[in-house]
Amino acid sequence: MNNIFGRFFSTDSVISRFDPRTKILIDFFFVIILLLANSWLTYGILVLFVLTGITASKIPIAVFWSGLKSIMSLVILMMLIQLVLIAPSSRSDVLLAVGWFKISESGLINSAIIALRFFLMILMTTLLTATTRPTQIADGISSLLKPLNRAGLDTKTFALLISMTLRFVPILSDEFSTIVDAQRSRGLSLKTGSFFKRVKALIPMIVPLISVAFNKALTLADTMELRGFINAKDRSSYHQLNYHKNDFIVLIIFLFVAFFVIFFSYAKL
């Protein structure tokens, strides 16, 4: 499994039965609350909330681990930048000094916080996409943005674009894996040689991938035209979204989590 983003896993879990608007709202405001957290206690509350959601989703841990591995290089780079740029505030703040290069305790803490934030955001996003079909996500976004229709914005077309994007990400990921395997069978290696040589080796893979993307996009356009699709603005939805008791319960729980995070972050205890 090369890319789990946009992949739906059919499980008979309480989270998969939530209204998609509930999950979208929680995922959106979770990122905001995560940026407001500023203590290990508040991060612990958020980690507990995420782990509870992962357990309740009944989705294998390997799926979430795959999502974390996809951003591991970016997280390591961000951590190294924090270690280099954050100078020690005092002599006692220095943990390691090699010539001009110094690693401070504050830099190490900031690096850990950035990594934790990235990991929690990816886990929550994976939880959303893995327990919600792309069409449900599109319907949920369209419903949440419906008030913007009064301002002349075509929210249904926007939701349709998001749905298509979520569908194409795993498809193109699988196609890229197939192309890579075909090139490796011909003796091409991406793990040897200099950096520029490895970048140059990607060209034979990118060109066919772009060709596949255009072909699939044209096929999708022809299919939509044959089925009489004109525009998304005036179309109704076959599946109607309805909130249930469990949706209100989880929203109340999330409100309590958000309250405690904000309280413990900014209250003067």
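In this text, all values refer to a predicted model and were calculated from it rather than measured experimentally.

*Asks:* Tell me about helix H1 (residues 20–36), and name the residues and values.
*Replies:* Across its 17 residues, H1 extends 25 Å between first and last C-alpha, which sits within 8% of the 24 Å expected from 1.5 Å per residue. For H1, the secondary structure elements touched by its buried residues are helix H2 (40–57), helix H5 (105–131), helix H6 (134–144) and helix H10 (245–266). The N-terminus of H1 is capped by Asp19, whose side-chain oxygen sits 2.8 Å from the backbone nitrogen of Arg21.

*Asks:* Explain helix H4 (residues 72–85) to me, using residue names and the numbers behind them.
*Replies:* Along its 14 residues, H4 runs 20 Å from first to last C-alpha, staying within 8% of the 20 Å computed at 1.5 Å per residue. Listed in full, the buried residues belonging to H4 are Val75, Gln82 and Leu83. Down the axis of H4, the buried side of the element spans an arc of 100°, and every buried residue falls inside it. Those residues of H4 that are exposed and angled more than 90 degrees off the buried face are Ser73 and Leu85.

*Asks:* Tell me about the packing of H2 against H10, and name the residues and values.
*Replies:* Relative to each other, H2 and H10 sit at 165°, their axes nearing to 9 Å. The angle between H2 and H10 places the two elements in the roughly antiparallel class. Crossing angle aside, the handedness with which H2 passes H10 is left-handed. Residues Leu41, Thr42, Ile45, Leu46 and Phe49 of H2 form the contact with H10, whose participating residues are Phe254, Val257, Phe260, Val261, Phe264 and Ser265. Residues belonging to the contact of H2 with H10 are distributed by class as follows: 9 nonpolar, 2 polar and no charged.

*Asks:* Can you explain the packing of aromatic side chains? Please cite residues and give values.
*Replies:* Here the structure, examined in full by the defined rule, presents 9 aromatic pairs. Here the aromatic rings of Phe30 and Phe49 are separated by 6.2 Å at their centres, their planes lie at 20°, and the arrangement is stacked. Of the two residues, Phe30 is situated in helix H1 and Phe49 in helix H2; the sequence distance between them amounts to 19 residues. Among the residues examined, Phe49 registers a relative accessible area of 16% and is labelled buried. With a centroid separation of 5.6 Å and an interplanar angle of 65°, the aromatic rings of Phe259 and Phe260 are classed as edge-to-face. On the basis of relative accessible area, Phe260 is assigned to the partly exposed category, the value being 37%. Through successive ring pairs, a cluster of aromatic residues spans Phe259, Phe260, Phe263 and Phe264.

Reading the values: rules and limits
Residues numbered from 1 in each chain as written. Predicted model: local features only at pLDDT ≥ 70, side-chain atom pairs only at ≥ 80, totals over all residues. Heavy atoms only, no water. Helix = DSSP H or I, 4+ residues; strand = E, 2+ residues; numbered from the N terminus. Expected span 1.5 Å × (residues − 1). Contact = heavy atoms within 4.5 Å. Polar contact = N/O pair within 3.5 Å; in protein donor to acceptor, adjacent residues only side chain to side chain. Buried < 20%, exposed > 50% of the residue type's maximum accessible area, 1.4 Å probe, protein only. Arc of directions from axis to C-beta. Axes fitted to C-alpha atoms, helices over the stretch in contact; angles between N-to-C directions. Parallel < 35°, antiparallel > 145°, perpendicular 65-115°, else oblique. Left-handed = near helix turned anticlockwise from the far one by under 90°. Nonpolar A, V, L, I, M, F, W, Y, C, P; charged D, E, K, R; others polar. Phe/Tyr/Trp six-rings, centres within 6.5 Å; stacked < 30°, edge-to-face > 60°.

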